[in-house]
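# Analysis of the macromolecular model
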Amino acid sequence: MSLSHLAMRQIHANALLITFFIFRVFLLSFHLFFFLHLLFLSSHHKTTHYPIHNNRNKQHMLEMKKSFSEFYEKWISKLEEIHHQLLKASKREMVMNEQELQALVSKVTTHLKEYYTVKWNAAHEDVVVFFSPTWVTPLENASLWITGWKPSTVFRVLEKFDMSDEEKKKIEGLKMKTKMEEEKVEGEMERQQVAMADLKMVKLAKISCRGRKDDARVDGLVDVALNGVFGGLEKVMKSSDCVRLKTVKGVLDVLSPIQSVHFLAAHIGMQLRLRQLGMNKITQKDP
């Protein structure tokens, strides 16, 4: 086979790869467009699961959003107080025995569980707001992984910890398990996005854009479709939260009480620091 023939085959192969890449980018952009479009539609159609059709239900959703925002501000304030206690215990500024240290750790986990309990109840009414929350700063929003912090980031905190070989082995096993669960959740999120852009959803999106507000049948079909979308998003959100909770619990099960205090002080401190940086950024923009 001549060199020129080999060169032509290589050119054809490269062309195919480029074509495939362009198609892949187009497909992902297509999915993203309809995902955003359907979220927009959610604010203009009522649904059985997430009713937001009339003014009364819209008002109810606004009240829910305001209520959760107020809860979050109080929850963060309490978290800052707990973080201060963790820092004092971590720096040995408070003399505490193992039982007292464990009680402080339990106080933290109870506070975290309260957040997810309230979050899940609110998300059952309107899950979409948790994918673009207004109660956090834009900087925090940019760092979110499916409505919260990414579970695998906790292992960066542990890199400087002085642990035994057995503890390191357990943490490494937990790290691998967490990564697998993250990928599973990400896969489910991708499936939800693909489902939103299937032929039926595309057709409904086109019909709804024609302004046929009096077509009860179309409204009914859109309601059913959006119910499926919201139900799927709620499931993905809860799955991501479960990975977060299981990862923290897994780490605490390995560490001693004083190590747990060090870990929680560093982990929570990173989140609070990010929030403070985000608040500072907002303040700098204000005239």
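Further up the page is the structure itself.
Residues numbered from 1 in each chain as written. Predicted model: local features only at pLDDT ≥ 70, side-chain atom pairs only at ≥ 80, totals over all residues. Heavy atoms only, no water.

### Overview of the overall build of the protein
Scanning the protein from terminus to terminus reveals nine helices and zero strands. Element order for the protein, N to C, with α for helix and β for strand: α-α-α-α-α-α-α-α-α. Pairs at least 24 apart in sequence give 81% of the contacts found in the protein among residues at least 6 apart. A total accessible area of about 17600 Å² is found for the protein, and carbon and sulfur atoms account for 59% of it. (Helix = DSSP H or I, 4+ residues; strand = E, 2+ residues; numbered from the N terminus. Contact = heavy atoms within 4.5 Å. Areas by Shrake-Rupley, 256 points an atom, 1.4 Å probe, with all protein chains shown as cover.)

### Description of the environment of Ala103
Mapped onto the fold, Ala103 is located in helix H3 (residues 98-123). Taking the relative accessible area as the measure of exposure, Ala103 reaches 47% and is therefore partly exposed. Each C-alpha atom of the pair Ala103 and Pro257 lies 9.1 Å from the other, and the pair is 154 residues apart in sequence. (Buried < 20%, exposed > 50% of the residue type's maximum accessible area, 1.4 Å probe, protein only.)

### Remarks on the pattern of salt bridges
Per the stated rule, a full pass over the model turns up 10 salt bridges. The salt bridge partner of Arg275 is Glu73, with a shortest N-O separation of 3.0 Å. Taken as a pair, Arg275 in helix H9 (residues 257-285) and Glu73 in helix H2 (residues 55-90) lie far apart in primary sequence, 202 residues in all. Close ionic contact of Lys150 with Glu186 constitutes a salt bridge, the shortest N to O distance being 3.7 Å. Separated by 36 residues along the polypeptide, Lys150 in the loop between helix H4 (138-142) and helix H5 (154-158) and Glu186 in helix H6 (residues 165-196) bring together distant segments of the chain. On the accessibility criterion, Lys150 (25% relative accessible area) is partly exposed. Salt bridges sharing common partners tie together Glu73, Glu140 and Arg275. (Salt bridge = Lys/Arg side-chain N within 4 Å of Asp/Glu carboxyl O.)

### Regarding the side chain of Ser240
You can see Ser240 is positioned in helix H8 (residues 216-254). Look past the residues within four positions of Ser240 in its chain and what remains in contact with it is Trp145, Ile146, Thr147 and Val185.

### Re the nonpolar core
The biggest cluster of nonpolar side chains holds 58 residues, and the ones touching the most others in it are Leu86, Val251 and Phe263. Every element with two or more residues in this core is listed here: H2, H3, H5, H6, H8 and H9. Ignoring sequence-local partners within four residues, the contact set of Leu86 consists of Leu104, Val108, Val261, Leu264, Ala265 and Ile268. (Core = buried A, V, L, I, M, F, W, Y, C linked by side-chain atoms within 4.5 Å.)

### Points about H3
Here H3 is 26 residues long and its end C-alpha atoms lie 38 Å apart, about the 38 Å a rise of 1.5 Å per residue gives. Its side-chain oxygen 3.1 Å from the backbone nitrogen of Gln99, Asn97 forms the N-cap of H3. (Expected span 1.5 Å × (residues − 1). Polar contact = N/O pair within 3.5 Å; in protein donor to acceptor, adjacent residues only side chain to side chain.)

### Quick word on the side chain of Glu167
The topology assignment puts Glu167 in helix H6. As a buried residue without a salt bridge, Glu167 has its nearest oppositely charged side chain in Lys170, at a separation of 7.8 Å. (Lys, Arg positive; Asp, Glu negative; His and termini not counted.)

### Quick look at the layout of surface pockets
The rolling of a water-molecule-sized probe over the atoms marks out the regions of remaining empty space. Of the pockets and cavities examined, the largest pocket occupies roughly 600 Å³. Forming the boundary of the largest pocket are 30 residues, of which Glu140, Leu144, Gly148, Trp149 and Gln271 lie nearest the centre. Every element with two or more residues in the lining of the largest pocket is listed here: H2, H3, H8 and H9. Here the lining of the largest pocket gets seven residues from one element, more than from any other, and that element is H9. (1 Å grid on protein atoms, 1.4 Å probe; cavity = no way out; pocket = protein on both sides within 12 Å on 5 of 7 lines; lining within 4 Å. Points joined across faces, edges and corners; volume = space filled by probe spheres on them.)

### Digging into the environment of Thr178
With respect to the helices and strands, the residue Thr178 is situated in helix H6. Put simply, Thr178 and Val243 are 65 residues apart on the chain and 7.0 Å apart in space, counted from C-alpha to C-alpha. Once you skip the residues sitting within four places of it in the chain, Thr178 turns out to touch Pro151, Ser152, Phe155, Val243 and Thr247. In terms of polar contacts, Thr178 uses its side chain to reach the side chain of Thr247, at 3.3 Å.

### Describing unusual backbone geometry
For Ile146, which is not glycine, the phi dihedral falls at a positive 50°. Phi is positive for Thr147, close to 70°, though the residue is something other than glycine. Relative to the helices and strands, Thr147 is located in the loop between H4 and H5. Looking at Thr147, the relative accessible area reads 10%, which means it is buried.

### Thoughts on the packing of aromatic side chains
Applying the stated rule across the entire model yields nine aromatic pairs. Summarising the aromatic geometry, the rings of Phe68 and Tyr115 are spaced 6.2 Å apart at their centres and angled 55° between planes, so their arrangement reads as tilted. Here Phe68, found in helix H2, pairs with Tyr115, found in helix H3; they are 47 residues apart in sequence, far enough to count as distant. Tyr115 matches Phe68 in its accessibility class, with the two residues each being buried. Three or more aromatic residues joined by ring pairs make a cluster, and in this case those are Phe68, Phe71, Tyr72, Trp75, Tyr115, Tyr116, Phe130 and Trp135. (Phe/Tyr/Trp six-rings, centres within 6.5 Å; stacked < 30°, edge-to-face > 60°.)

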